[in-house]
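The residues making up each chain are set out below.
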Amino acid sequence: MILKVEKLKKSYSIGGRRKLSIDVLKDVNFEIQKGETIAILGDSGSGKSTLLSIIGGLDRADSGSVTFLDKELGNLSEKELTELRADSLSIVFQEYHLLPHLTALENIEIVLELHETHEVRKTALRLLNQVGLQERASHFPSELSGGEQQRVAIARSLANNPQLLLADEPSGSLDQKTGTKVIDLFFDLVKERKMTLILVTHGRELAKRCDRIFHLEEGVLVQGDQ
Amino acid sequence: MLFKMALREIKKISRFHFFFLISLSLGMTGIIIVKNFKFSIEKTINQKSKKFLGADLALSLISPFKKEDLIKIKSLFKEEVQVSESIELLTMIKAGEKARLVQVKGVDSLYPFYGSMKLQKTGTYKAGKSIGEDGIIIQSELKEQLKLKKLDFLGIGKSRFKIKDLLIDDIGQNFMGGSFVPRVYLSLDSLKKTKLIQFGSTIRYFYLLKIKEDFSLPDINAFLKENFPEKNIRVVTPQRKGQRMGRGVNYLSDFLGLTALISLLLAVSANFYLYRNYLSNRSKDMAVLKAMGFGKLKIFTIYFYHLLILGLLAGVLSFLVAAPLVLFVNFIVQNFTPLQIIIQISWKSFFYGSFICMISNALCALPLIIPKLDSSITSLHSSKFRDRYSQKKGMILFIPWALFFVFISIDLSSSYRNGPLFCLFIFISLLITDRLGIWILNLLGKARLRGHIIFKLAFKNMTRFKTETLISLMVLVLLSSMLTLIPQLNHVMVEELSYFTKGRTPHFFLIDIQKDQVEELRKFCEENNVELAGPSPMVKAKLQSLNGKPFEQYSKKKKSRTREAEMNSFLRNRPINLSYKEKLYKDEIIVKGRAFGEKDEKGSLPGVSLEERYAKRLKIKIGDEIGMTVLGLPLKAKVESFRKVNWANLKPNFFFVFKPGVLENYPQTFLGTTFHDKDKRPYGFQMKLLDKFPNVSSINLKRNIEKTRTIFNDIVLSFRTMTFVCLFVGVFVIWTIFQNQIEQRIPDYNLLKTLGFSPDHLKKIGIAEVGLLISFAGLFGILVGYLLSYSLVAIFFRNMNEGWSFYPWAFLPAVLSKALIAFLVYRFVFKKVIEEKAPNELLKGY
Ligand SMILES: Nc1ncnc2c1ncn2[C@@H]1O[C@H](COP(=O)(O)OP(=O)(O)OP(=O)(O)O)[C@@H](O)[C@H]1O
Ligand SMILES: [Mg+2]
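Remember, predicted model here, so these are calculated numbers, not experimental data.

1. Some details on the packing of aromatic side chains
Inspection of every chain in the model, using the stated rule, returns 24 aromatic pairs over all chains. Ring geometry for Phe186(A) versus Phe187(A): centroids 6.1 Å apart, planes at 75 degrees, classification edge-to-face. Look at Phe186(A) and you get buried, because its relative accessible area is 1%. Among the aromatic residues, those joined into a cluster by ring pairs are Phe16(B), Phe20(B), Tyr275(B) and Tyr278(B). Across from the ring centre of Phe228(B), 5.5 Å away, lies the NZ or CZ of Lys72(B), which sits over that ring. One Lys or Arg, Lys105(B), reaches over the ring of Phe206(B) and ends 4.8 Å from the middle of that ring.

Below, the structure is given as C-alpha cells:
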C-alpha cells in the first residue's frame, strides 16, 4: 500500500462575516496499492481538485489523515512536504502550467536539477523524446500547441520518477482528438513504468482505462461506476 | 465614447493607478518646486529691477561728465530728462581701535528716482530727502564692525561727520555678497569736503536718468560711443541690473532644475514599465475590442486618452505635494538672497506641471501602445522571450518623448547648451546601459551555465524577461549615479572653497597704492615683519577689438534669453585690468606660446600674456591682435602666450600681463597682499598702515573668504534637499517596479513550489536575481555618477580653480541605498509573496 486516506474532511468558509462554510470533503476514505491506477469521477465543484491538492501536499485537510509512503502528511512540515513533492510526487494539471520563459527542454531540466546535476540534458532530451517532442526542445511554451504543451508537462511529471502521479483532467483543455492522443501517450508511459496514478476526470471512457473507478459525491468517495 | 471607455479603464485596476500616479507626481514635484522658484525670481526681478537700479537708465564712468556733456545727453530725448549724479569711492575709515574699508557714496537730492532705502530711525529714504550738510548714513553692519557704541561722529578723509542714521536695507546691492564692503551715504558737498576725490583713488561717477518716453538702447549706445569715445561709459538698464543681481540664484535654479529632471526620468521609466505590464494584462480586452470591430486607431485612442487623464491627475497631485515643500525651499533660499524673493506658489507652475505630465504621457503612448497593437495578432505563435522584436522601430517611437525631454531640459536650465548637453549625457549613459545590459544578458543567456540550479534560474529570469531587467537596470543605474553624483559634487565644491584657504592665506589686500609710495610701503612692511606680495601695477583699460573687429558692446537682443547670451554680454563689457612685470611668479606657468620675457620682434606690437581660461572664454588665440583703450587712448597688443595662474596664492594676479616697457607711462595704481605671521596682531598693522598711507585701502581677505563659505554651504544644502527628493522618488519607483515584477511572477512561483521547490529555494533565486541586478547596476551607476559629475563640473563650473577632483567615498551612499532597496524588496515583497501564497491556487484554475 502506497497511499491511505482516512476520514478526510475539508471545508471552506466563504462570505467573510457570516461564515458561510461549505463542506467540500466530508468523509473520504480509500487506499491505493503500488502500481495501481485509479480514476476519480465527479461533477464540477464536487471537490476533486481539492482532494488532489491535499494528497499532493499543496493543501492541508481539516481532519482525517493521508498516509503516503508510511508518512502522515498532516504531521509533516512545509519543508518536508516540499521534499516529498520534489522526490516522490508529480502533478499534471489541466492547464499544463509550464514556465513561460523557459523552453520545453528547460522546463523539464529544472525538475531534474533539483535532484542531480549530471547528465541532466541527456535525461531531459530522452524524456522529450518519449513524448515525441525532441524536435521542439528549444521552443517556448507559447510557441507550442496545447497538446504539445501538455506532452511537455507529462514529460516533466515523469522527470523525478515519482512514486505517485496525480493528474487533474490532463485532457480537459484539449480537443477530443488531441486529448485522446495525449491520454494514450500518458497511459502508455504510466503502464510502461508501472506507476501509481490517481486520475481526476469527467470522462467515463477515460476512467475505464484505470484499474478502479471512484465517484466523489456530496463529499464522500464511493467506489464504482455509478 | 472612446473617452468614456478610457474613463472606465481608470476605475478598473486601482492598485496600478495608485502606483502610476504616485510615481509620476513624485517625479514631477521637484520640477514644480524649481519652476516656482524660477517664476518667483523672474517676477521679483521684473517688478523690482527699476527699484534696484533706481532709474530708467544709468551711466557709470570713471571720470565725470561736464555740464555740456549732460546737456548733450539730455538733448537726445524729446521730453525732459532728469539726471541724478552720484559718486562712489573706496576708502579706509577708523574709529577707536578699528579700521575698515568702506564704500563712500555721495548722492544728490534726486537720488534715487525709484525705490528706497530703509533706515533705522527715520524710516524710508527716498528721492527729495537730503542727508544734509554734515551728516552721514552708515550701513548698520559697519556700526558693529567698528564697535561704535552710539551714533557718534566718524572721520572720513579730511572731515568729520555726524552719523545720522543706520542703513538697514540698501537699494540695488548686489546679490551673493557682491558688496563685501559696507556703504556710507553722504551728500555730494560733504563728499567734496573729505578731499577724497583725487587722482589715483578708485572713483566711479554714476548718472541716473529718469526718462519719461520710450527709448532705444542701441541708439543710446551709438550716441555715447560717437560723442564720448574716450570715456568708458557703462550703460546699465534695469533689466541688466536685475539680471546681474539674479545671476547667482539663476545659476542655482538652473542647476537644481536639471537635478529635478532626473527624478522625472526615474518616474517616467517606472511608469513606462508599469503601463507596459498593464497593457499586457489588458491584451485580452484588446482582442475582444478587435473582435467587436474596433480598429487599431480606436483602440490606440482609448489608451491614449487613458494616459492623458492619468497625466492630468498626476499633474494635480504633484502640485498638491509640491506646494507645502515650496515653503521649505523658501526657508533655505532666504539665507543667500538679498533680492528678498518670497517664493510664491504660482498657478503657472500648476499648468506647467500638468502640461508636462500630460504631454509626457501622451508621447509615451507611442512606444507603449503601438507595439502592442501589432503584437496581439502575430503573437499567437511566437514568444516574447525570443529576440524577434524590431529594436530600431521601437527606438524610433521613443524619439518624440526624448525630444520633449530635451525641450524641458532647455527650459529648466535656461540654456540651449547646458540642458541638451545634460540630456545627451544621460541618454548616452542609458544607451550604454541598455547595450551593455543586452550584451551581457545575451552572453549569459547563451552560456551553458554549469552552476547551481538557483543561479541558473536567476539567470534565466534575467535573460528571458529582458525588457523588465533592462528597465530595472536603467532605473537602478540612474539612481546610483545620482547618489554618487551628489557627494562627488559636494566634494568638488568643498575643495573649491578650501582652494583659497589651503596654502598660506594672506590677510590684507591693499589697493590704491600710488607709484611713489611703492618703495616706502616695501620698507614699511619690512620694518613690521610683514611679507608683502607685489605691489603690482594695475592699468585700467577696456577691450575694444579683436583682430580689428570690435567686441560686441551689448547683446543685441533686449533680453538675453539664455544664460550663455547673458554671460557673453557680461564678459565683453567688462573693463579689464592690465599689469606688467619682469618675472612671473614661481607658480605661474606659461602653457602655450613664447616664454615670458623674451624680447618682442622688431616692429611688431607689444606682446601680452593672457590667463589661459580667460582667453578660452573670449575665444582669443595666440597671435591675435587685441585693441584696447586706456583712458580713451588706444593701445594695441599681440597675444604671445597663455599662462596658468595659481589664483590660490592670492597675490595680485591679472588676466593681462605685459613685459616692462609698455605700460609705465599710463596712469596706474598698485596692488599688494600682505602675509602675517600667526602671532602678529593684524589689526595693529592695519591701523599703522592707515596712519602712514591714508590713501591706501586694505581689505580683510580672511573675513571675505568666510563669507563666501556660508553662501556655498547654502548652495550645497539646497542641492541636497533636491537630492533627497530624487532619492525618495528613486526608491519608491524601484520598489514599485520590483513589487510589480514579483507580483507578475506569482503563478510561476506557485508552479515551482508544486514542482518541489521550497520557499527557501525561491528566496535564493530571487535574492540572486535582485542581487546580480543591483550589483551590476550599482557598479555601473557609480561609474556613470563619477563621469556625470565630471561633465557637470565641466559644463557648469568652467571657471573653477580647482576643477574636478576624485572623491573616493562618493560611492558609499549609492551602495548603502542599494543595500536598503535589496533589503526592502526581500523583506516586504519577496518574503511575503513566497511564504504566504499557498501553492494550491494552481489547481483551482485561475
Ligand atoms: N480557496 C477556496 N475558497 C473557498 N471555496 C473554495 C476554494 N477552493 C475551492 N472551493 C470550493 O470548493 C468546491 C470544490 O472545488 P474543486 O475545485 O475541488 O472542484 P472540482 O471538483 O475540481 O471541480 P471541477 O470539475 O470544475 O474542476 C467548489 O465549490 C469551490 O467553489
Ligand atoms: Mg477541478
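2. A word on the side chain of Ser65(A)
Within the fold, Ser65(A) resides in strand β4 (residues 63–68). Beyond its immediate sequence surroundings of up to four residues, Ser65(A) is in contact with Lys4(A), Val5(A), Glu6(A), Leu8(A) and Glu72(A).

3. A closer look at the pattern of salt bridges
Side-chain pairing between opposite charges can occur once the charged atoms of the two side chains come close. Overall, the coordinates contain 24 salt bridges over all chains when judged by the stated rule. Of the charged contacts, one joins Lys208(A) and Glu205(A) as a salt bridge, the two residues approaching to 3.6 Å between their closest N and O atoms. Relative accessible area serves as the criterion here: at 59%, Glu205(A) is assigned to the exposed category. Of the charged contacts in the structure, one is a salt bridge between Asp411(B) and Lys35(B), with a shortest N-O distance of 2.7 Å. One end of the pair, Asp411(B), is in helix α11 (residues 391–413); the other, Lys35(B), is in helix α2 (residues 14–53), and 376 residues separate them in sequence. In this structure Asp411(B) comes out as partly exposed when scored by relative accessible area, which is 29%. Taken together, the shared-partner salt bridges in this structure form one network comprising Lys4(A), Glu6(A) and Glu31(A).

4. A short note on the site of ligand 1
All names here are of chain A. Residues in contact with ligand 1 amount to 14 residues; listed here are only the nearest, Ser44, Gly45, Lys48, Ser49 and Thr50. In this structure, an oxygen atom belonging to ligand 1 sits 2.5 Å away from a side-chain N or O atom of Ser44. Lys48 places a polar side-chain atom, nitrogen or oxygen, 2.7 Å from an oxygen atom of ligand 1. Here ligand 1 loses 66% of its free accessible area of 640 Å² to cover by the protein chains. If you list the elements that add at least two residues to the shell around ligand 1, you get β1 (3–14) and α1 (48–55). Ranked by the residues each element gives to the shell around ligand 1, the list is headed by α1, at three residues. When grouped by side-chain class, the residues that make up the shell around ligand 1 number three nonpolar, seven polar and four charged.

Rules of the game
Residues numbered from 1 in each chain as written. Chains lettered and ligands numbered in written order. Predicted model: local features only at pLDDT ≥ 70, side-chain atom pairs only at ≥ 80, totals over all residues. Heavy atoms only, no water. Phe/Tyr/Trp six-rings, centres within 6.5 Å; stacked < 30°, edge-to-face > 60°. Buried < 20%, exposed > 50% of the residue type's maximum accessible area, 1.4 Å probe, protein only. Lys NZ or Arg CZ within 6 Å of the ring centre and 35° of its normal. Helix = DSSP H or I, 4+ residues; strand = E, 2+ residues; numbered from the N terminus. Contact = heavy atoms within 4.5 Å. Salt bridge = Lys/Arg side-chain N within 4 Å of Asp/Glu carboxyl O. Near = heavy atom within 4 Å. Polar contact = N/O pair within 3.5 Å; in protein donor to acceptor, adjacent residues only side chain to side chain. Areas by Shrake-Rupley, 256 points an atom, 1.4 Å probe, with all protein chains shown as cover. Nonpolar A, V, L, I, M, F, W, Y, C, P; charged D, E, K, R; others polar.

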